[in-house]
Amino acid sequence: MIYTVTLNPAVDCAMALDEYFTGRVNRADREILTAGGKGINMSVILSRLGIPTIALGFKGGDTGNLLCRLLEHENCPYCLNELEGQLTRINVKLHAGAEETEINGKGPEIGEKELSEFIGTLTNTVSSGDTLILAGSVPKSVPDSIYAEIMRCFSGKNVKIAADTSGELLVELLEMKPFLVKPNNFELGEICGYEINTRTEAFEGAEKLQMMGARNVLVSLAGNGAVLLCEDGEKFEIESPVGTVKNSVGAGDSMVAGFLAGLELFNDYEVALALGTAAGSATAFSDRLAEKREIEEIFRGFYPNLSL
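Residues numbered from 1 in each chain as written. Predicted model: local features only at pLDDT ≥ 70, side-chain atom pairs only at ≥ 80, totals over all residues. Heavy atoms only, no water.

### Quick notes on the sheet that holds strand β6 (residues 89–96)
Ordered by their spatial adjacency, 4 strands build an open sheet running β3-β2-β6-β7, and the pairing between neighbours is mixed. Taken across any chain shown, the strands that pair with only one partner, and hence form the sheet edges, are β3 (30–36) and β7 (99–103). Between one strand axis and the next, the sheet turns by 20 degrees as a mean value, whatever way the strands run. Pairing of strand β2 (residues 10–17) with β3 involves 7 bridges; the strand directions are antiparallel. Among the inter-strand pairings, V11 is bridged to a residue of β3, identified as A35. (Pairing = 2+ DSSP bridges. Helix = DSSP H or I, 4+ residues; strand = E, 2+ residues; numbered from the N terminus. Axes fitted to C-alpha atoms, helices over the stretch in contact; angles between N-to-C directions.)

### Things to note about the side chain of K182
Counting through the fold element by element, K182 comes out in the loop between β10 (180–181) and α6 (185–192). As a buried residue without a salt bridge, K182 has its nearest oppositely charged side chain in D164, at a separation of 4.9 Å. One polar contact links K182 to S220, side chain to side chain, over a distance of 2.9 Å. When residues no more than four places from it in sequence are discounted, the contact partners of K182 are A163, D164, E187, L218, S220, G252, M255 and V256. (Buried < 20%, exposed > 50% of the residue type's maximum accessible area, 1.4 Å probe, protein only. Lys, Arg positive; Asp, Glu negative; His and termini not counted. Salt bridge = Lys/Arg side-chain N within 4 Å of Asp/Glu carboxyl O. Polar contact = N/O pair within 3.5 Å; in protein donor to acceptor, adjacent residues only side chain to side chain. Contact = heavy atoms within 4.5 Å.)

### Focus on the sheet that holds strand β11 (residues 216–220)
Pairing in this open sheet of 9 strands is mixed, and the strands run β5-β4-β1-β8-β9-β10-β11-β12-β13 from one edge to the other. Only two strands of the sheet have a single neighbouring strand rather than two, namely β5 (78–82) and β13 (235–238). With 4 bridges connecting them, strand β12 (residues 226–229) and β13 associate as antiparallel partners. Its bridge partner lying in β13, L229 is registered against K235. Contacting β4 (53–59) and β5, helix α2 (residues 61–73) crosses the sheet at an angle of about 175 degrees to β5.

### Remarks on empty space enclosed by the protein
Taken as a whole and assessed by the stated rule, the structure comprises 1 cavity of 30 Å³ or more. Forming the boundary of the largest cavity are L7, N8, P9, F58, K59, G60, L83, T88, P108 and I110. In the lining of the largest cavity, the residues fall into 6 nonpolar, 3 polar and 1 charged. (1 Å grid on protein atoms, 1.4 Å probe; cavity = no way out; pocket = protein on both sides within 12 Å on 5 of 7 lines; lining within 4 Å. Points joined across faces, edges and corners; volume = space filled by probe spheres on them. Nonpolar A, V, L, I, M, F, W, Y, C, P; charged D, E, K, R; others polar.)

### What to know about helix α10 (residues 292–302)
Among the residues of α10, those classed as buried are E294, I295, E296, I298 and F299. In the core, the buried residues of α10 are packed alongside α1 (38–48), α8 (251–266) and α9 (269–284).

### Considerations on the state of the cysteines
Under the definition given, this model contains 0 disulfides. We note that C79 lacks a disulfide partner, and the nearest cysteine sulfur, in C68, lies 9.9 Å from it. Residue classification places C79 among the partly exposed positions, given a relative accessible area of 33%. Not part of a disulfide, C192 finds its nearest cysteine sulfur in C230, a span of 18 Å. Here C192 falls in the buried class, since its relative accessible area comes to 14%. (Disulfide = S-S within 2.5 Å.)

### Brief notes about the layout of surface pockets
Considering only enclosed or pocket space, the largest pocket measures out at about 1,100 Å³ in volume. Along the wall of the largest pocket there are 47 residues; nearest its centre are S248, G250, A251, G252 and D253. Mapped onto the lining of the largest pocket, the elements with two or more residues apiece are α1, β6, α6, α8 and α9. When grouped by side-chain class, the residues that make up the lining of the largest pocket number 13 nonpolar, 25 polar and 9 charged. As for the second largest pocket, its lining consists of 22 residues, and the residues nearest its centre are I32, T34, A35, R288 and L289. Secondary structure elements with two or more residues in the lining of the second largest pocket: β2, β3, α1, α2 and β6. The residue makeup of the lining of the second largest pocket, split by class, is 9 nonpolar, 6 polar and 7 charged.

### Re the nonpolar core
Grouped together as the largest cluster of nonpolar side chains are 48 residues, with contacts concentrated most on L71, I133, F259, L260 and I295. Residue assignment for this core shows that the elements contributing at least two residues are α1, α2, β8 (131–135), β12, β13, α8, α9 and α10. Among residues more than four places away in sequence, those in contact with L260 are I2, T131, I133, A162, F179 and L180. In terms of nonpolar packing, the next biggest core, distinct from the first, is built from 44 residues, V126, M151, L169 and L209 among them. (Core = buried A, V, L, I, M, F, W, Y, C linked by side-chain atoms within 4.5 Å.)

### What to know about the packing of aromatic side chains
Applying the stated criterion to the full structure yields 4 aromatic pairs. Measuring from centroid to centroid gives 4.9 Å for F58 and F118, while their planes differ by 35 degrees, and the two rings are tilted. Residue F58 is located in strand β4, and its partner F118 is located in helix α3 (residues 112–125); the two are separated by 60 residues in the primary sequence. Judged on exposure class, the residue F58 and its partner F118 are both buried. Measuring from centroid to centroid gives 5.9 Å for F299 and Y303, while their planes differ by 35 degrees, and the two rings are tilted. Overall, F299 belongs to the buried group, its relative accessible area being 0%. Through a chain of ring-to-ring contacts, the aromatic side chains of F266, F299 and Y303 assemble into a single cluster. The lysine or arginine in question, K235, covers the ring of F203, its NZ or CZ lying 5.2 Å from the ring centre. (Phe/Tyr/Trp six-rings, centres within 6.5 Å; stacked < 30°, edge-to-face > 60°. Lys NZ or Arg CZ within 6 Å of the ring centre and 35° of its normal.)

Structure (structure tokens):
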């Protein structure tokens, strides 16, 4: 089972229009409501690929109930702790012409009691042999050390931890040897202290993360493809598929989900890199999270004889 943690999920409202005018009434040409948050995006993609998953996190009020209905519509299992008297946030994603603008809600306050109950849910749910993904930023009401605290709960329990976060949050986790980290080139460059533009530079940065404790490092390079440095030192790189980028929201999340799905399905790191790249690209080429058929179409460009 692959569990995802999203501490500050959302109902995402994506609106598209040809042109946006500040200070005036604008009318959208189309709008889509989806369940949002990095870990939730990953669970949706995993579900679409047929991989057992459960999305863990918090929900609150009527918007929290809407979040649950959206997940049920996706046939995506979830276990979200209730926050009494609070609302799940709403994020607005505005696509105006070629530009993308995001307005993210602040989200609810999570107190010590609610956080303790959530960690109890985690430790009672995730067991030996499972994978746990810690994804996204931490709400202001939650200590920055929360991911490290969660990792310590599973120390020595044969649980694979994948971390898709950035900055100091990621650096703090490295010494606890997460199974997988997935920075993009900008996030990796921030940690290394220099720009990452080429695959050679990405491998050099990945080696630094390994020296800091990471086991496997997956680096996305946008149009320059991606690289994977495995814990045994093996290196893989891949080209980006050809396509028109329509949407950057959720592409990185899809890549992580696709990669872990590839390991589950094929137990092969090189194939997993291809499936991760296919999933991330399929979402980037779509107006929303990619469907299985869209992922499979790109994946077959890498491995024509493999089926999902």
